[in-house]
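Topology and contacts: notes
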Amino acid sequence: MINRRDLMKYSLLGAATAPLAGLSTPTFAAGKVAITEALRLGMYNSLYVAADKGLFAKHGLDADLSTAGGIALPVPILLSGRGQIGVTSPGMSVNAVREGGKIKNIAKIVGGVSMWGIAKPDSKIRTIEDLRGKTIATLKFPSSTIQVPTYAIKTIGKFDPKEAGVTFLELPPGAQAAAVKDGRADIATAFEWDVSIAAEQFGLVPVLSFADALGSLCFTTAMATEETIASNPAAIQGFCNAIAEAQKLMHENNAVFTEVAEKYFTKVTPSVVASATKNFFGSKTAIPRNPTISADEWDRAMRLEQGGGAVQSALPYTQMVDNRFAEQATRQFGLA
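All residue numbers refer to position in the chain's written sequence, counted from 1. Given that the model is predicted, a residue must reach a pLDDT of at least 70 before its local features are reported, and side-chain atom pairs must reach 80 or more before they are shown or counted; all residues, however, enter totals for whole chains, interfaces and linings. For the side-chain quantities, the full set of heavy atoms in the structure was used; hydrogens and water were omitted.

The protein goes by ABC transporter substrate-binding protein in an unreviewed UniProt entry, where it is assigned to Bradyrhizobium diversitatis. Quoted verbatim from the Subcellular location (unreviewed entry) field of the UniProt record, the comment on the protein reads "Periplasm". UniProt positions are given in the numbering used here, feature names are shortened, and annotations may be inferred rather than shown by experiment. The Sequence similarities (unreviewed entry) comment attached to the protein in UniProt states, word for word, "Belongs to the bacterial solute-binding protein SsuA/TauA family."

So this is what it looks like as structure tokens:
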């Protein structure tokens, strides 16, 4: 599970190992683009649909998609010239820019905090306000399963969790659903595929969508160095075109999400993928309708990043986002 408090430290360490000044733009064949995702996650399915359905190739790209293995890792890969597009938390780009890197966020890959509160079917919990006095099963601190509900309680609920009797029951991976099932916790916070696994194995149901509670934001973005954008705008446009078309396909037919996810997550049972599909598209924001990043989405993401400890202070939308390519892609290939 993702631990966000330490991300700033790791991002800075990673950035420090890459030469931030005087980088020469990496040379690569026309159309060749190396895309590095932080982790292999269901909520990144826009990438997998674009690859599986031949959309990168359709838009002129010979795309190589690889997984870095951590949220802080794609940015150093970009800064060292070993990749052209990184997909990770936007806070990682902010930390790198503060250290001297020149990076822009070019597309929205995840449009909300794709975390759910899961509880027994007879639970009365439906809103952030309903978390007063409740025990929440989470992963061990530091973890976004603690930080996101804490942020939501303070900003949406407008109350202090400790004063309101909220208790976080910190457990090792895989133990959250069992704690709700046996009554030690009222609710657990989890991402997919864990939400649907909990439904299948423990009979729990998603009762609270943090994506909907917190609203649309750029929870995960695609980013590139300013040098790559300037030297190969056609590749950046092709990438955004493919993502816009992939997101349109999934929203017009949710079965596309299911079909592709089953190929990319072969160890996840089809029933879990099917359940997760309903959750992802039952949320209004988790899978974006298009890859554009608005100023409001950026500001909300920065407040979340600061609240979770991933960044010390935000940088403005005008400095960090280049929305030209996503806007054009949406007009030509995406959904409004």
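Read on, since the account is not over.
For the exposure calls, accessible area comes from a 1.4 Å probe over protein chains only, and a residue counts as buried if that area is under 20% of its type's maximum, exposed if over 50%, partly exposed in between. For the purposes of this entry, the term helix denotes a DSSP run of H or I that reaches at least four residues, the term strand denotes a run of E that reaches at least two, and both are numbered from the N terminus. For helix α16 (residues 324-333), the full list of buried residues reads Phe325, Ala326, Ala329 and Thr330. End-on, the buried residues of α16 take up no more than an arc of 135°, which puts them together on one face. Residues Arg324 and Arg331 are exposed on α16 and point more than 90 degrees away from its buried face. Those residues of α16 hidden inside the fold are in contact with β4 (103-110), α10 (226-231) and α11 (233-252). Each C-beta atom gives one direction from the helix axis, and the arc is the one those directions make. In this description, contact between two residues means that some pair of their heavy atoms is separated by no more than 4.5 Å.

Moving on to the nonpolar core. In this structure, Tyr44, Trp193, Phe239, Phe280 and Trp298 are the most contacted members of the largest nonpolar core, which totals 105 residues. When residues of this core are assigned to their parent elements, the largest contribution, nine residues, is made by α11. Not counting residues up to four positions away in its chain, the partners in contact with Trp298 are Pro90, Ser93, Val94, Asn105, Cys218, Ile293, Leu315, Pro316, Tyr317, Met320 and Val321. For our purposes a nonpolar core is just a set of buried Ala, Val, Leu, Ile, Met, Phe, Trp, Tyr and Cys residues, chained together by side-chain atoms within 4.5 Å.

Each aromatic ring pair is specified by the distance between its two centres and by the angle formed by the two planes. Stacked, tilted and edge-to-face pairs are distinguished by plane angle, under 30 degrees for stacked and over 60 for edge-to-face with tilted covering the rest, among Phe, Tyr and Trp rings (Trp via its six-membered ring) whose centres lie within 6.5 Å. The tally for this structure, following the rule as stated, stands at eight aromatic pairs. One aromatic cluster is present, built from ring pairs that chain together Tyr48, Trp116, Trp193, Phe257, Tyr264, Phe265, Phe280 and Phe281. The cationic tip of Arg132 hangs over the ring face of Phe159; the distance from NZ or CZ to the ring centre is 4.0 Å. We call a charge positioned above a ring when the Lys NZ or Arg CZ atom is no farther than 6 Å from the ring centre and deviates by at most 35 degrees from the ring normal.

In this section: the sheet that holds strand β2 (residues 62-67). In spatial order, the strands read β2-β1-β3-β10-β4; together these five strands make up an open sheet with mixed pairing. At either margin of the open sheet sits one strand with a lone partner, and together these are β2 and β4. With strand direction ignored, the average angle separating the axes of adjacent strands in the sheet is 25°. Here, strands pair whenever DSSP counts at least two bridges between them. With six bridges joining them, strand β1 (residues 32-37) and β2 adopt parallel strand pairing. Residue Val33 lies in a different strand from β2, and its bridge partner there is Ala63. Angular values range over 0 to 180 degrees, each being the angle between N-to-C directions of two axes fitted as lines to C-alpha atoms, with helices fitted over their stretch in contact. Sheet strands in contact with helix α2 (residues 45-52) are β1, β2, β3 (85-88) and β4, and its direction is about 150° off that of β1. Across the sheet, helix α5 (residues 90-98) is in contact with β3, β4 and β10 (220-225); its angle to β4 comes to roughly 170°.

Attention shifts here to unusual backbone geometry. Here the bond from Glu192 into Trp193 is cis, since omega is 20°, no more than 30 degrees from zero. Along the chain, Trp193 falls in the loop between β8 (187-191) and α8 (194-202). Even without a glycine there, the phi angle at Lys158 is positive, about 65°. Take Lys158: it is sitting in the loop between α6 (144-157) and β7 (167-171). A residue is classified by how much of its surface remains accessible, and Lys158, at 66% relative accessible area, is exposed.

Moving on, we get to the packing of α8 against helix α13 (residues 270-282). When two helices pack together, their arrangement is given by the angle between their axes and by how far apart the axes lie. Where α8 contacts α13, the axes come no closer than 8 Å and their chain directions differ by 120°. Considering their axes alone, α8 and α13 lie oblique with respect to each other. Both α8 and α13 take part in a crossing whose hand is right-handed. Judged by residue contacts, Val195, Ser196, Ile197 and Glu200 of α8 engage Ser271, Val272, Ser275, Ala276 and Asn279 from α13. Roughly parallel means an angle under 35 degrees; roughly antiparallel means over 145; roughly perpendicular covers 65 to 115; every other angle is labelled oblique. Crossings are assigned a handedness: left-handed for a near helix turned anticlockwise from the far helix by less than a right angle, right-handed for a clockwise turn.

Take the pairing of β3 next. Along β3, one buried face is formed by Ile85 and Val87 and the opposite face, lined by Gly86 and Thr88, is buried too. Here β1 pairs with β3 via three bridges, running parallel. The residue of β3 that forms the bridge with Ile35 is Ile85. Bridge count for β3 against β10 is three bridges, and the pairing is antiparallel. Residue Gly86 lies in a different strand from β10, and its bridge partner there is Met223.

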